[in-house]
Amino acid sequence: MGNRFKKTAKPIQTASIPKVKNAREKRKKMIKRGLPIYLMLLPGVLYFLIFNYGPLIGLTVAFMEYDPFQGFLNSEWVGLEHFRRLFEERIFLDLLSNTLILGIYDIIFYFPAPIILALLLNEIRLRWFKSSVQTILYTPHFVSWVVIVGITAVLFSTQTGAVNNLLENNGYNRIELLTDSQYFRPLWVIHNIWNGMGWDAIIYLAAMSSVNPELYHAARVDGASRIQMTWHITLPSIMYVVIIMLILRMGGFMDLSYTHILLLQNPLNLNVSEVFDTYIYRAGILGGQFGYTTAVGLFKSMVGLILVMVANTIAKRMGKEGVY
Amino acid sequence: MKKYTLFFFVSVLLIGFLAACNNENTQNSNVAGESNEEFEPFNFDEHMTISMLTTGTPIEYEDNPIFELIEEKFNVTFDMQYYDRDDFDSYVNTLAASNNLPDIWRFGYNDPQMYSNWAEKGVYYDVKPLLEYHPDLEASIPTSAWEVLNPVDHFYGIPEYRLATRNMLAIRQDWLDNLDLEVPDTIEDFYKVAYAFAHDDPNGTGKKDTIGFSAIGLFSDEGTAWRGGAFGLARAWKEFDGELVPYQAQLKELEDYIGFMRKAYEDDVLDKDFMLHTDWRDANTRLSDGVAGIEYVNPNSVHRKEEVDIKEHDPDAELTYIDPPAGPSGERTTPTRPGYFKKVINSNVGAAKAHRILAILEWNVTEGYEITRHGLEDIHYTIHDDGTVEELDAWEEHQPADIGTALLRAWNPLHRSYWWLGDEFEETLGERYEWLEEFTWEDDNPGLISDTDIKIGAQLDAEFEQILTEVVVGQREMEDVELAVNTWKENGGNDIIEEINDAYSQYKEERN
């Protein structure tokens, strides 16, 4: 017993030159051995460098009165002027509150939807039925916002919408779904859920497939019901994925689907539908104010970064795994 | 190892940055089209690729004999790009930001200021020195069109013919007959007829399924004309006692116009979805669907679109084309578009390519003129023994006339009157265009710009229209028309008015 833990008294070989040589050779050998792996990694690294890190240079535009024909080097440097203008913007608080409210709607109503869907799909035992339902539910992901908003207009436009005609013919009032501002946010969330729920459920279904089946067998032996198994086994087992997805989603908290909102926007819902993304379009792209637009975009990204860091810290403090 | 990794990352970023800067330098080195490049006129031995950005529905390119003919004749290959016209200016802006402008693109949907700014920065090729080789092209276009928006002695871009007053007002003649009504003349008559269309069952279905008219929001150029203009509202700016006043500041006229629209909405005469429409075709669909009784139509295509579509709902349906209604002071206005459309050439292309482009455009108004209207004989049309011309199926497929108008654009208002439509069609079309010109809704601003307008104009206009739309649908009282005007003025509108009028004074001084 004692001998097992006894420190060896044998002196270390001190021939230093052969040691360095050995280490170098060892490293060379390691590199040689890992070369195919590094080569396989290269496209991914290059992708991130070219498409994710390279464009970061473009952020300097936020500090310039950027003129495309003068370029980065010759455009006038204005420092934080664009940020000052944004914070002093008359409608800044409206933009911020509209953006935050839609972001909160997204987290509260949209985020749980694919999880619930995945849990429900996981309980279906008929494979053909499960795969059919899954296919039907993720198809909307491939439908563009133009088509989705177009369908909504065909069904719900006040003057000629099919649903509204039906309601009126049966003695009910028409619903001004597209023009009454109180419907804008619920409609936006419902569209999002219809469009993305099926697709986003895939990742949770993948996580559920890795849950150890013995846990379910044991629970069944102990007399657990299906709801109890879902609550006590499935949900805790995919919680790490849920938290990672939540943290990542916080990064895009202020990034709302600009096309979707712009298509739904009209003068009667402007008070709730004007968000940073539509403001960027109107003030920036239409007016060609690239510097200002980039500053607004950078502000949004900074808020996203802070939210990711806060969410990650909270997750770690709660004993869960974060994204870093 | 850390050091190496850091060095690698920094190197990649630096190389990327330098590459981007190098690109910019390439753009800037050829400014103003002042290329000293030597070229031999009309020597087309060198093959060239011409990238062209335009609007409209894409035209079939592969195996299209018209494209093939032009490409072979001028030894070029077209790289065609299309983009939606509603969002065209923002797209061109984005291309500029990414240093990715094509060789030739359309200008006209954009703000005139953008044209002047870009011309100053040397983005466009000055074609004037090259016109000595293309006298037919120069002569086919009026000098005033070459000069508009351009500084003296420079022609940036080749003017495109656009009918300033194209769309005309159509009314359901069969509905008028069914209700025993006369064609309306004044704005009051118009309202009475529109009210009867909405309430007196003009289509005889026994249902309340018709309306008077639709609209494209409240202030679209193409939709406001017959109502707003009749009440004296400016299309954009109107001169009063030497000062330019924008429509947003015309309180009295706005009250009349908004009052009219509010009543129409309340009485179910106006389309309940008018605020959702963004294009004149959205409103026009209400006419085609047999829902609205009064709408704008395009004289070029009404014979094959609306006149056909309405018969699907009612075989007896018939349209009559009418004068815009006279307002209280007798003013009649029709939708009027700016007349400064141009095809602009990228300053980077060099003289040889610019010359080649001009040669193609010149061919389109000379030798190729009938080819890019009617196509090629026995492929796109056939001439019978009695001299009549018949259109063949390939004409629709290869769209020669769209190549002639949407892409190359000859300076001719009757470009769309084809041989097989007959002389009478051409005559009627010509008469209609002349008739509509009488009602031109001028913008008194000669293309002057305001920095404040660029920065916040779009936002102010959106808020202005929001308040007034709320007034029209009854969510606000009529008093809030004044609130809309004051809000617009206080939040930056006054600065816009001041800047434009300063520029206008200077403009007038320079010309006196």
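For the structure itself, look to the data block above.
Parameters and conventions
Residues numbered from 1 in each chain as written. Chains lettered and ligands numbered in written order. Predicted model: local features only at pLDDT ≥ 70, side-chain atom pairs only at ≥ 80, totals over all residues. Heavy atoms only, no water. 1 Å grid on protein atoms, 1.4 Å probe; cavity = no way out; pocket = protein on both sides within 12 Å on 5 of 7 lines; lining within 4 Å. Points joined across faces, edges and corners; volume = space filled by probe spheres on them. Helix = DSSP H or I, 4+ residues; strand = E, 2+ residues; numbered from the N terminus. Nonpolar A, V, L, I, M, F, W, Y, C, P; charged D, E, K, R; others polar. Axes fitted to C-alpha atoms, helices over the stretch in contact; angles between N-to-C directions. Parallel < 35°, antiparallel > 145°, perpendicular 65-115°, else oblique. Left-handed = near helix turned anticlockwise from the far one by under 90°. Contact = heavy atoms within 4.5 Å. Phe/Tyr/Trp six-rings, centres within 6.5 Å; stacked < 30°, edge-to-face > 60°. Buried < 20%, exposed > 50% of the residue type's maximum accessible area, 1.4 Å probe, protein only. Lys NZ or Arg CZ within 6 Å of the ring centre and 35° of its normal. Salt bridge = Lys/Arg side-chain N within 4 Å of Asp/Glu carboxyl O.

A word on empty space enclosed by the protein. Residue and element names in this part refer to chain B. Applying the stated criterion across every chain, the model contains 7 cavities of 30 Å³ or more. Around the largest cavity, the lining is made up of 15 residues, and of these Leu 137, Ile 141, Leu 408, Arg 409 and Ala 410 lie nearest the centre. Those elements that place two or more of their residues in the lining of the largest cavity are α5 (135–140), β4 (158–159) and α13 (351–365). Residue classes in the lining of the largest cavity are distributed as 10 nonpolar, 2 polar and 3 charged.

Below, the discussion takes up the packing of helix α4 (residues 92–110) of chain A against helix α11 (residues 226–251) of chain A. Residues and elements named next belong to chain A. It is at 11 Å that the axes of α4 and α11 come closest, and there the two elements cross at 160°. Our classification of the angle between α4 and α11 gives roughly antiparallel. Handedness of the α4/α11 crossing: right-handed. The residues of α11 that touch α4, namely those facing Asp 106, Ile 107 and Tyr 110, are Leu 246, Arg 249 and Met 250. In terms of residue class, the contact of α4 with α11 is made up of 4 nonpolar, no polar and 2 charged.

A separate point is the packing of aromatic side chains. Any aromatic ring pair is given by two values, namely how distant the centres are and how the planes are angled relative to each other. Scanning all chains against the criterion turns up 49 aromatic pairs over all chains. Note on B:Trp435 and B:Phe439: the rings are 6.3 Å apart at their centroids and 85° apart in plane angle, and the pair reads as edge-to-face. The pair B:Trp435 / B:Phe439 is uniform in exposure class, with both members buried. Of the aromatic side chains, those joined through ring pairs into one cluster are B:Trp105, B:Phe107, B:Tyr115, B:Trp118, B:Tyr124, B:Tyr156 and B:Tyr340. Across from the ring centre of A:Tyr292, 3.7 Å away, lies the NZ or CZ of A:Arg85, which sits over that ring.

Turning our eyes to something else, we now look at the pattern of salt bridges. Using the criterion set out here, one finds 32 salt bridges over all chains in the structure. In this structure, the salt-bridge partner of A:Glu123 is A:Arg226, at a minimum N-O distance of 3.0 Å. Of this pair, A:Glu123 sits in helix α5 (residues 112–123) while A:Arg226 sits in helix α11, and the two are 103 residues apart along the sequence. One network of salt bridges, with partners in common, ties together B:Arg106, B:Glu160, B:Arg162 and B:Lys343.

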